[in-house]
Amino acid sequence: MDEPAPQPVFLKDYKPSQFLIDTVALDVNLHPTATRVRTRLQIRPNPNITGKGSALVLDGEALELDEIRLRGARLSPSDYEVTDTALTLPGVPDGPFELEITTYCNPEANKALSGLYRSREIFCTQCEAQGFRRITYFLDRPDVLSRYTTRLQADEEMAPVLLANGNRVDAGKSGNSGTHFAVWEDPHPKPSYLFAMVGGALVCVADKFTTMSGRVVDLLIYVEPGEENRCAWAMESLKRSMKWDEERFGREYDLDVFMIVAVSDFNMGAMENKGLNIFNDKLILARPETATDTDYAAIEAVIGHEYFHNWTGNRVTCRDWFQLCLKEGLTVFRDQEFTSDLRSRPVERISDVRMLKTHQFPEDSGPLAHPVRPDSYIEINNFYTATVYEKGAELCRMIETIVGRDGFRKGMDFYFERHDGDAATVEDFIACIVEATGADLDQFMRWYSQAGTPEVVASLSYNAGEKTAELNVSQITPPTPGHTNKLPLHIPLKIGLLGRNGNDLPLRLDSGEEIGDGLIHLREAEQTFRFGGIPSPPVLSLLRGFSAPVKLTANLNERDLEFLMAHDSDLFNRWQAGQNYALRILTAAAAALREGEEPANAPAFAGALAVTLRDEGLEPAYRAEVLRLPSETDIAREIGSDVDPDAIHHAREWLRAEISLTLRGELISLYDTNTLPGAYSPEAGDAGKRALRNTALALLSASGIQDDTERVAEHYRLAANMTDKIAALSVLTHLEGEMREQAFADFFEDWKDDHLVIDKWFALQAMSSLQDAPERVEALTRHLLFSLKTPNKVRAVIGAFANMNPTGFHRDDGAGFRLVANAVLEIDGFNPQVSARILGAFKSWRMLEPVRRAKAKSELKRIASHGKLSRDLFEIVTKTLG
C-alpha cells in the first residue's frame, strides 16, 4: 500500500503548547555509535491553556528509547506509546511534574547532519529547525523556552574538548575509566533549536572583548589541529561585529564566553546556537594562500550575521516557524548594514540586489513562490529561502526608509525591551515600530502575506509652459500559486530629477510640499505626482538605492541611461542604469542571434562604460561592479519565456568581446595600475583594487587576441594569493586546450590535501561553459576526493553546475538535467535537506524553450514518481511541477 502524501502545516492552525518545560538537564555520554542521553525535564501545564488531562506528546526521531520515569517512578511500555515520530504519555499529572527519559542515538550513522552527528570524528549538533528531537524526546517547537544545564562525558582521548551552551560551571575526570566530563549552564531561556554541544579533538584560538559596560568576554574559536593559523580574520570579524552591534543598535553581549566551532560537514553556512556558534569551516578558515577576497568578505558577514542573532533570534526568538523571517530577514538586514558600514555602502547594496534578483526574483515568479511569512509548509527546512532571508531583509530596509534610521533604532530598542525572553511574531515587531514612531504600517503588512514581485511602471512627462514634471506610477503584483488576488502595497520610492547639468533638482510637489529626502509613497494601484519649478525637461532617477524590491519599467531611452550612467548622484542607480542599458542590448542580441542576424549597439554602451571607468573619484570596487555585465541568469529573467540559454551565452560573449576590443587601452591601463605591491590585506581598499584588476583581466580575455589570453596564464603563474589564482582559473575554465588543463593540474597538485581549497578546484570545473560540461561533471562525481555525503562537495560540484552553469545544466539533450536529478535522488536517501535545495535549480524550468522545457519536466516527473521521497524533496518537486 502506498504511503499517504505528506500533509501541510498551516499558520492559521497555530495553537500554543499545552505544556511548558521550565528546565532541561541533559546528561550525555558521547559514543560514536551509541550515545546515551539522560534527560530530566521540569514540566508544567501551560496556564494560558484551558482544560486538563491532556496527553503529553513529545517529538522524537531516530531514537532508541531505554527508560522513562515520571516523578521518579519507572513507567512500563503500557504506560506510553512510541512511534517513529513521537512519544505519547496519555496520563500525566495536572500540575508540575518531573519527567526523566533515557535514549540512545547513533551519531556515526547520522548522514542527514541533523541532531547529533560526527564530522571528521568531531561530535557536533545541528538542531534548527527540528533536530533536537533526534537527540531526545521533547516539545521541539520554538515557543517552548527552557533553561538548560548540560553535562557531557566522553573518552578523553577521543574528545578532549567538551562544549555546550552557556558558561562552564564544572569539569573533571570521571573516575579511573579514562573519561572526563564538563558541565555547562545557560542562564537564558531558549528554544530547543538553539541547543548545541560539541566534543572532539579540537584546538582553541583565544582572545578577549571588553563590552561597552566594561565586562570582559572570552572569545574562543575551536578548530581541528593544524588550522590555528587560519583563524585570525574570523576573530577580528567577531570583535568588529560585537563593537558594531553596540554602536549601531546598543546591543551588548550577555555571557562570559562566546565560542565558535568550525566543522567540515554542515548542511548550512553557520548556526547561531546561544553562546556556541557552529560554523561550516569554509566560513572560518582563511589565510591569503587559501582564501579569496570573496571568502574573507563572506567570513566577516556570516560571523556578523550569527553574532547579531544573539538579540534578533536568541534573546527574542520566533513564536513559530512561520515567523522565521522575524529572525532571519531582520538579521540579514543587520548584517548587510554591518558590511555597508565597514566596507562600501554602494558596493554592498549592489551585491545585495544582485543576490536578490538572481535568487529571490525567480523564486517569486515561479512555482516555489511564497510570502515572506508563509501561510503553510510541508517541511520547514524548505523555507530557509531567499524570500524569507533576502526579501525579508528588504522589508526591514523599507521600514527603516519609511520611519527613518533614528525611528527604526527607537522601534528596535522598544522591541528588545518589550520582548526580551519572548517568542514573538511579525505583528509584535511591527507594533513596536508603530508605537515608537507613530508610523502607519497597516497597508505595509501586506508585504508579509503577499507572494510575488510587484511590477512598477513609471512615466515622466514635462510641461514646458508650466515648468512642471508629472510622474505617473502604477503597481501590480502578478498571481502566484495559491494567491491570485493581490492588493496594492505600500511601496516607498526614492526618486531624483536630474537637470541638464546632471545635478539633482529640488523636489517640490505642486501642493507646495518639499520632498527633501526624495521619498514618495506609492499606496494605490496608480498615482500621479506633479513637481513644480522644473526649468527644463529632467531625467528621472527612480527607485534610488533600490528602495523597494520591485521590478521597474520606466520611459527612459538609451540617451537617458547614458546620462544617468555619467551623472546620477545615487551610485546604486548609476550602476543600475548601466545594467538596464546592457540588458536592452543583450536581449536584442540574443533574439538576433537566434534569427541568424548580427547584434548591434555595443560601441555606444562601451563609450558610456568608459566614462565611469575614467572617474578616479569612484572606488575601484564600484568601478569593478560597473564593468560586470548582467549574468546569463539575469538575461534569461529579462527575456522571461521561450528562453534559449545558448543564444544568451553567445550574446553575452559577443558583448564582452566588443567591450574588450573597444576599451582595450583603458582595460590594460586598469590592469597595470591596480597592481598591489607588498603583503596581502583583505581590507576593502585592497580588495577593491584586486577586483577591478581581475575584472579588467577577464574582459580583456574576451578579445580573442593572443596576448590577452597569455596574460591570463601569466597572471596565474605570478599570483601571490588565492584571489588572483582563482581569478585566472575562472577565465581559463572556459577555454579549451593545454593552457587550461595544465593550470588545473598544477592547482590540484598544490592543494589536493586541503579540503576547502580543493572545493574551488571542483567548482570552477563544474562552472565551465565548454560543450562537454555534463560529462566533465559526471567524471568529477567519481573523483577520489568527491563524496555525495559531504555537503560542501555536493555544493561545489552538483550545486555549482546546476546553479552557475546555464549552458551545461540546460544542454539541449537533457544530460545536465539528468545528471542533477540522479544526484538528487541518491542524496535524498540520507540527506533530504541538501537534496531539496539542489532540486531548487529547476525552479525556472517553465521559461525555457519547448525542447529543454520538455526534458526538464521529464526529469522532474521521474523524481516525483520515485518510490519513496523525503518530505523535503516531495514538497519541492510537487510544487515545481505544479
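Residues numbered from 1 in each chain as written. Predicted model: local features only at pLDDT ≥ 70, side-chain atom pairs only at ≥ 80, totals over all residues. Heavy atoms only, no water.

1. Details of the overall build of the protein chain
Note the following rule: Runs of H or I in DSSP of at least four residues are treated as helices and runs of E of at least two as strands, each being numbered from the N terminus. The globule rule used for comparison is 2.2 Å times the number of residues to the exponent 0.38, while the radius of gyration itself is calculated over C-alpha atoms. Burial classes follow relative accessibility: with a 1.4 Å probe on protein chains only, a residue under 20% of its type's maximum area counts as buried, one over 50% as exposed, and anything between as partly exposed. A contact between two residues is defined here by any heavy atoms of the two lying within 4.5 Å. For the area figures, the Shrake-Rupley method with a 1.4 Å probe applies, and any residue is considered shielded solely by the protein chains shown. When charges are counted, Lys and Arg contribute as positive and Asp and Glu as negative, whereas His and the chain ends are disregarded. The atom standing in for a charge is NZ when the residue is Lys, CZ when it is Arg, CG when it is Asp and CD when it is Glu.
In terms of helices and strands, the protein chain carries 27 helices and 31 strands. Expected size for 882 residues packed as a compact globule is a radius of gyration near 29 Å; at 28 Å, the protein chain falls within 12% of this value. Its C-alpha atoms give the protein chain principal-axis dimensions of roughly 90 × 70 × 65 Å. With 882 residues in all, the protein chain has 60% of them scored as buried. Nonlocal contacts in the protein chain, meaning residues at least 24 apart in sequence, comprise 72% of its contacts between residues at least 6 apart. Taken as a whole, the protein chain presents about 33900 Å² of accessible surface, with 49% of it coming from carbon and sulfur. Across the protein chain, the mean location of the 97 positive side-chain charges is 1 Å away from that of the 130 negative side-chain charges.

2. Here's the deal with the sheet that holds strand 25 (residues 455-463)
The condition is simple: Paired strands, in this sense, are two strands between which DSSP finds at least two bridges. To get an axis, a line is fitted to the C-alpha atoms, and for a helix only the part in contact is used. The angle between two axes follows their N-to-C directions and goes from 0 to 180 degrees.
With mixed pairing, the 4 strands of this open sheet are ordered in space as 29-26-25-31. The open sheet has two edge strands with one neighbour each: strand 29 (526-532) and strand 31 (551-554). Direction aside, the axes of adjacent strands within the sheet are offset by 20 degrees on average.

3. Looking at the environment of Thr33
With respect to the secondary-structure elements, Thr33 resides in the loop between strand 2 (19-29) and strand 3 (35-45). Thr33 gets classed as partly exposed once you look at its relative accessible area, which sits at 43%. Put simply, Thr33 and Tyr117 are 84 residues apart on the chain and 9.6 Å apart in space, counted from C-alpha to C-alpha. Setting aside residues up to four positions removed in sequence, Thr33 forms contacts with Cys105, Asn106, Pro107 and Glu108.

4. Here we look at the pairing of strand 9 (residues 97-105)
Looking at chain direction, strand 3 and strand 9 are connected through 9 bridges and run antiparallel. Along strand 9, the bridge assignment pairs Val37 with Thr103. Strand direction decides the pairing type here: strand 5 (residues 64-70) and strand 9, joined by 6 bridges, are antiparallel. If you follow Ile68 over to strand 9, its bridge partner there is Ile101.

5. Quick look at the packing of aromatic side chains
Any aromatic ring pair is given by two values, namely how distant the centres are and how the planes are angled relative to each other. Basically, it comes down to this: Each pair of aromatic rings taken from Phe, Tyr and Trp, with Trp reduced to its six-membered ring, is defined by centres within 6.5 Å and is described as stacked if the planes are under 30 degrees apart, edge-to-face if over 60, and tilted in the remaining cases. Note on criteria: charge over ring means Lys NZ or Arg CZ within 6 Å of the ring centre, with the direction from the centre no more than 35 degrees off the ring normal.
Here the structure, examined in full by the defined rule, presents 35 aromatic pairs. Their ring planes at 45 degrees and their centres at 6.1 Å tell us that Tyr253 and Tyr307 sit as a pair that is tilted. On the criterion of sequence distance, the pair formed by Tyr253 in the loop between helix 1 (232-249) and strand 19 (257-263) and Tyr307 in helix 2 (residues 293-308) is long-range, its members being 54 residues apart. In this structure, Tyr253 and Tyr307 share a single accessibility class: buried. Between Phe258 and Tyr307, the ring centres sit 5.6 Å apart and the planes meet at 65 degrees, which makes this aromatic pair edge-to-face. With Phe258 in strand 19 and Tyr307 in helix 2, the pair connects residues that are 49 residues apart, well separated along the chain. Residue Phe258 is classed as buried on the basis of its relative accessible area, which comes to 2%. According to the relative accessible area criterion, Tyr307 is buried, its value standing at 2%. Ring pairs connect the aromatic residues Trp244, Phe249, Tyr253, Phe258, Tyr307, Phe308 and Phe338, which therefore count as one cluster. In this structure, Arg693 packs its charged tip against the face of Tyr671, placed 4.0 Å from the ring centre.

6. Thoughts on the pattern of salt bridges
Heads up, the rule is: Only one rule defines a salt bridge in this text: a Lys or Arg side-chain nitrogen within 4 Å of an Asp or Glu carboxyl oxygen.
Within the structure shown, the criterion is met by 80 salt bridges. Residue Asp218 is joined to Lys208 by a salt bridge in which the shortest nitrogen-to-oxygen separation is 2.4 Å. With Asp218 in strand 18 (residues 216-223) and Lys208 in strand 17 (residues 203-210), the pair connects residues that are 10 residues apart, well separated along the chain. Across the salt bridge formed by Glu470 and Arg530, the nearest N and O atoms sit 3.9 Å from each other. Of this pair, Glu470 sits in strand 26 (residues 468-476) while Arg530 is found in strand 29, placing the two residues 60 residues apart along the sequence. Among the ionic contacts, a cluster of salt bridges with common partners joins Arg248, Glu337, Asp341, Arg345, Arg397, Glu400 and Arg405.

7. Here we look at the environment of Asp872
Looking at where Asp872 falls in the secondary structure, it is placed in helix 27 (residues 871-881). Judged by its relative accessible area of 6%, Asp872 is buried. The sequence separation of Asp872 and Ser474 amounts to 398 residues, and the corresponding C-alpha distance is 38 Å. Filtering out sequence-adjacent residues up to four positions away, Asp872 remains in contact with Glu379, Asn381, Asn382, Pro832, Gln833 and Ala836.

8. So, the nonpolar core
Spelled out, the test is: We define a nonpolar core as any set of buried Ala, Val, Leu, Ile, Met, Phe, Trp, Tyr and Cys residues linked to one another through side-chain atoms lying within 4.5 Å.
Counting 282 residues, the largest nonpolar core has Phe429 and Tyr448 as the members making the most contacts within it. Among all residues touching Tyr448, those that are not within four sequence positions of it are Cys325, Pro371, Val372, Arg373, Leu395, Ile399, Val426, Phe429 and Ile430.

9. Considering the state of the cysteines
Cysteine pairs can be linked by a disulfide, which is a covalent bond between their two sulfur atoms. How we decide: We call a pair of cysteine sulfur atoms a disulfide whenever their separation is within 2.5 Å.
Taken as a whole and assessed by the stated rule, the structure comprises 0 disulfides. Cys231 carries a free sulfur, and the closest cysteine sulfur to it, the one in Cys204, is 9.1 Å from it. Summary of cysteine pairing: Cys396 is not part of a disulfide, and the nearest cysteine sulfur, belonging to Cys325, is at 7.7 Å. Judged by relative accessible area, Cys396 falls into the buried class, the value being 2%.

10. Description of the sheet that holds strand 28 (residues 519-522)
Within a beta sheet, neighbouring strands are joined by backbone hydrogen bonds and run either parallel or antiparallel to one another. Read from one edge to the other, the open sheet built from 3 strands follows the order 28-27-30, with strand pairing classed as antiparallel. The open sheet has two edge strands, strand 28 and strand 30 (539-542), and neither has a second partner. Between one strand axis and the next, the sheet turns by 35 degrees as a mean value, whatever way the strands run. Direction of pairing for strand 27 (residues 491-498) relative to strand 28: antiparallel, over a ladder of 4 bridges.

11. Some thoughts on the pairing of strand 25
Bridge count for strand 25 against strand 26 is 9 bridges, and the pairing is antiparallel. Residue pairing for strand 26: Ala458 is matched across the bridge by Val473. With antiparallel pairing between neighbouring strands as the criterion, strand 25 and strand 26 make up a hairpin whose turn holds 4 residues, including Lys467 at a positive phi of roughly 50 degrees. Sheet analysis places strand 25 next to strand 31, joined by 4 bridges and oriented parallel. Directly across from Glu455, in strand 31, lies its bridge partner Lys551.

12. Let's talk about the packing of helix 25 (residues 832-839) against helix 27
For any two helices packed against each other, the geometry comes down to the angle between their axes and how far apart the axes lie. So the rule is basically this: When an angle is under 35 degrees it counts as roughly parallel; over 145 it counts as roughly antiparallel; between 65 and 115 it counts as roughly perpendicular; any other value is oblique. Helix crossings fall into two classes, left-handed where the near helix is turned counterclockwise from the far one by less than a right angle and right-handed where it is turned clockwise.
Where helix 25 meets helix 27, the axes come as close as 8 Å, and the angle between the chain directions of the two elements is 15 degrees. Classified by the interaxial angle, the pair formed by helix 25 and helix 27 is roughly parallel. The crossing of helix 25 and helix 27 is right-handed. Contacts between helix 25 and helix 27 pair Pro832, Gln833, Ser835, Ala836 and Leu839 from the former with Asp872, Leu873, Ile876 and Val877 from the latter.

13. Considerations on helix 15 (residues 664-673)
Formally: Directions pointing from the helix axis toward each C-beta atom define the arc.
Among all positions of helix 15, only Leu667, Leu670 and Tyr671 are buried. Looking straight down helix 15, one finds its buried side chains confined to an arc of 100 degrees; they lie on one side. Opposite the buried face of helix 15, at more than 90 degrees from it, the exposed residues are Gly665 and Thr673. Contacts from the buried residues of helix 15 go to helix 11 (602-613), helix 12 (620-627), helix 14 (645-662), helix 16 (684-700) and helix 17 (706-718).

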